[in-house]
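# A structural walkthrough
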Amino acid sequence: MNFARRFVCRNVTSNSHVVSRSGNLRRQLSTSSRSMTVMPAWVIDKYGSNDVLRFTRNASFPTINYPNEVMVKVFAAGLNPLDVAMRSGYGAATMSMKRDPLGMSQAGSEFPLVLGRDVSGVVMECGLDVKYFRERDEVWAAIPPWKQGSLAEFVVLSANEISLKPKSLSHTEAAAVPYVAATAWSALVNTGGLNKDNCARKRILILGGSGGVGTFAIQMLKAWGAHVTVTCSQNAERFVRELGADHAVDYTAGPVEGPLGSLDKFDLILDNIGGDTERWALTLLKPWSGAKYVTLVTPFLQNTDRLGLADGMMKTAATVGGKALKHLASGVHYRWGFFAPSGPALDEVRDMVDAGKIRPVVEETFSFPQVPEALGKVEKGHARGKTVVQVSRGGDDL
């Protein structure tokens, strides 16, 4: 993957004439003109339950402030449990630091805040240094949680966070993939060390296989030739097997450590559940073979919310360091996995989607006025796939 390719094709400025793929001149859309200062969006003005959601037609219109940024018209937005958590204030201290590292802004300056971590839409405008993308390109992206989200008509992202959308997917289908794909990729590839060349015949266990990250991870690992075991409810067993899971263990039938312990040891465990799984899960790994336990349920943001940034990071470092050393003595590796936005990773995922190796799993679709109902559904949990909001229909206005 040539990561530099994101800045090698051409410059675009607002109101300029540019050359299209067909070689014809066309006018760059002036979406950041003075006449467009507001847009429709769902926002929150404070942290709380679902009743803090507010629809407005006067949300501030986003602007391109850096030469590597891209403005996207949102066609569809995918929702995740993180959106519910952020609505309630989870990670507020860390996100505020990320938005304002020098501490120049006042407390609460993140409001009004737009939720939504997944987006599929169309490029409307590019910064001066963006050369790989063009206006009217259909793109998808996982939006970092410190940026304004996709429950709005427009969103501005860095060019290295977006990717060309799979041609085989509609915008609604595409919006179900980026956040879970980026999360699974970060956990399995960046942290777990897996890739398409070393995954064949590896035994992988996914704790919590029927949710968004789990359903994506099953398909990606099977595409790379791994043997995949998952835990899920009995009702979801057929579902995960259709996605490619080789073996499923029903957690509603009783503690899963017994049935899992009777199986051959695993090369990697991806934990989407947390809780007391760490107490027994690491005993399921192959000792002294480089096997890894990667959990996506970490106390990092809770620590920084509760203790402040500096003390929270120190507490986090002490916790993960202690656990890593403890389990290393048993011959296995303990790791924390985190979401990491990555356009290049989504490029790889796009190729797998268009090759038919990965399909989106959309559990339910809501219209833009139904955002509170959509977030309420995500909040109930036990999802099989993703909840998607149709923000804008069609593309006739383009």
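Summary of the structure given here.

## Here's the deal with the nonpolar core
Membership of the largest hydrophobic core comes to 50 residues, with the highest contact counts inside it found for Val70, Val119, Leu151 and Val389. It is strand β5 (residues 69-79) that contributes the most residues to this core, 6 residues altogether. Apart from the residues within four sequence positions on either side, Val389 is in contact with Phe75, Ala76, Ala77, Leu79, Leu151, Phe366, Ser367, Phe368, Val371 and Ala374. Of all hydrophobic cores here, the second largest spans 42 residues; its members include Leu169, Ala187, Leu221 and Met352.

## Looking at the environment of Lys377
With respect to the element layout, Lys377 can be found in helix α12 (residues 371-380). Of the residues examined, Lys377 reaches a relative accessible area of 17% and is grouped as buried. The spacing of Lys377 and Pro81 is 296 residues in sequence and 9.9 Å in space, taken between C-alpha atoms. Among all residues touching Lys377, those that are not within four sequence positions of it are Glu363, Glu364, Phe366 and Thr387. Side-chain polar atoms of Lys377 contact the side chain of Glu363, separated by 2.6 Å.

## Thoughts on the pattern of salt bridges
Here the structure, examined in full by the defined rule, presents 17 salt bridges. For Arg117, the salt bridge goes to Asp83, with nearest N and O atoms at 3.7 Å. Residue Arg117 is located in the loop between α2 (92-99) and β6 (118-126), and its partner Asp83 is located in helix α1 (residues 81-87); the two are separated by 34 residues in the primary sequence. The two residues Arg117 and Asp83 agree in class, both being buried. In this structure, the salt-bridge partner of Asp347 is Arg350, at a minimum N-O distance of 3.2 Å. Pair noted here: Asp347 and Arg350 are both in helix α11 (residues 343-354), with a separation of 3 residues, about one helical turn. Under the relative-accessibility criterion, Arg350 is labelled buried at 14%.

## A closer look at the sheet that holds strand β12 (residues 247-250)
An order of β12-β11-β10-β13-β14-β15 is seen for the 6 strands of this open sheet, with the pairing classed as parallel. The two strands at the open ends of the sheet, each matched to only one other strand, are β12 and β15 (333-336). Averaged over neighbouring strand pairs, the angle between their axes works out to 15 degrees when direction is ignored. In the sheet, strand β11 (residues 227-232) pairs with β12 via 4 bridges, with the strands oriented parallel. Of the residues in β12, the one forming a bridge with Val230 is Ala248.

## Observations concerning empty space enclosed by the protein
Inspection of every chain in the model, using the stated rule, returns 2 cavities of 30 Å³ or more. For the largest cavity, the calculated volume is near 80 Å³. Lining the largest cavity are 13 residues, with Ala176, Val180, Thr215, Pro360 and Val361 sitting closest to its centre. Broken down by element, the lining of the largest cavity gets its largest block of residues, 4 residues, from helix α5 (residues 212-223).

## Points about the packing of aromatic side chains
On inspection of all chains with the given rule, the structure shows 8 aromatic pairs. Residues Trp42 and Phe55 carry aromatic rings whose centres are separated by 5.5 Å and whose planes lie at 55 degrees to one another, so their mutual orientation is tilted. Placement of Trp42 in strand β3 (residues 38-44) and of Phe55 in strand β4 (residues 53-60) is noted, with a sequence separation of 13 residues between them. For Phe55, a relative accessible area of 34% puts it in the partly exposed group. Ring geometry for Phe61 versus Phe154: centroids 4.9 Å apart, planes at 55 degrees, classification tilted. With Phe61 in the loop between β4 and β5 and Phe154 in strand β8 (residues 154-158), this residue pair connects regions lying 93 residues apart in the sequence.

Cut-offs used in this document
- Position numbers for residues count from 1 along each chain, tracking the sequence in the order it is written.
- Under the rules for a predicted model, residues below a pLDDT of 70 receive no local features and side-chain atom pairs below 80 are neither given nor counted, while totals for whole chains, interfaces and linings still include all residues.
- With hydrogens and water set aside, each side-chain value is computed from the structure's full complement of heavy atoms.
- As used in this record, nonpolar core signifies buried Ala, Val, Leu, Ile, Met, Phe, Trp, Tyr and Cys residues forming a set joined through side-chain atoms within 4.5 Å.
- The rule is simple: take the accessible area with a 1.4 Å probe, protein chains only, and divide by the maximum for that residue type; under 20% is buried, over 50% is exposed, in between is partly exposed.
- Counting from the N terminus, the helices are DSSP H or I runs at least four residues long and the strands are E runs at least two residues long.
- Note on contacts: a residue pair qualifies if any of its non-hydrogen atoms lie within 4.5 Å across the two residues.
- Pairing of N or O atoms within 3.5 Å defines a polar contact, subject to two protein rules: one partner must be a possible hydrogen donor and the other a possible acceptor, and residues neighboring in sequence count only if both atoms are side-chain atoms.
- In what follows, salt bridge is the name for a side-chain nitrogen of Lys or Arg lying within 4 Å of a carboxyl oxygen of Asp or Glu.
- One requirement defines pairing of two strands: DSSP has to find at least two bridges between them.
- An axis is simply a line fitted to the C-alpha atoms; with a helix, the fit covers only the stretch in contact. Between two such axes, the angle follows the N-to-C directions and lies from 0 to 180 degrees.
- Throughout, the protein atoms alone are placed on a 1 Å grid, and a set of points is a cavity if a 1.4 Å probe fits but cannot get out or a pocket if it is open with protein on both sides within 12 Å along at least five of seven lines; lining residues have an atom within 4 Å of a point.
- Grid points are joined across faces, edges and corners, and a volume is the space filled by probe spheres set on the points.
- Any Phe, Tyr or Trp ring, taking Trp's six-membered ring, that has another such ring centre within 6.5 Å forms a pair; planes under 30 degrees apart are called stacked, those over 60 apart edge-to-face, and the others tilted.

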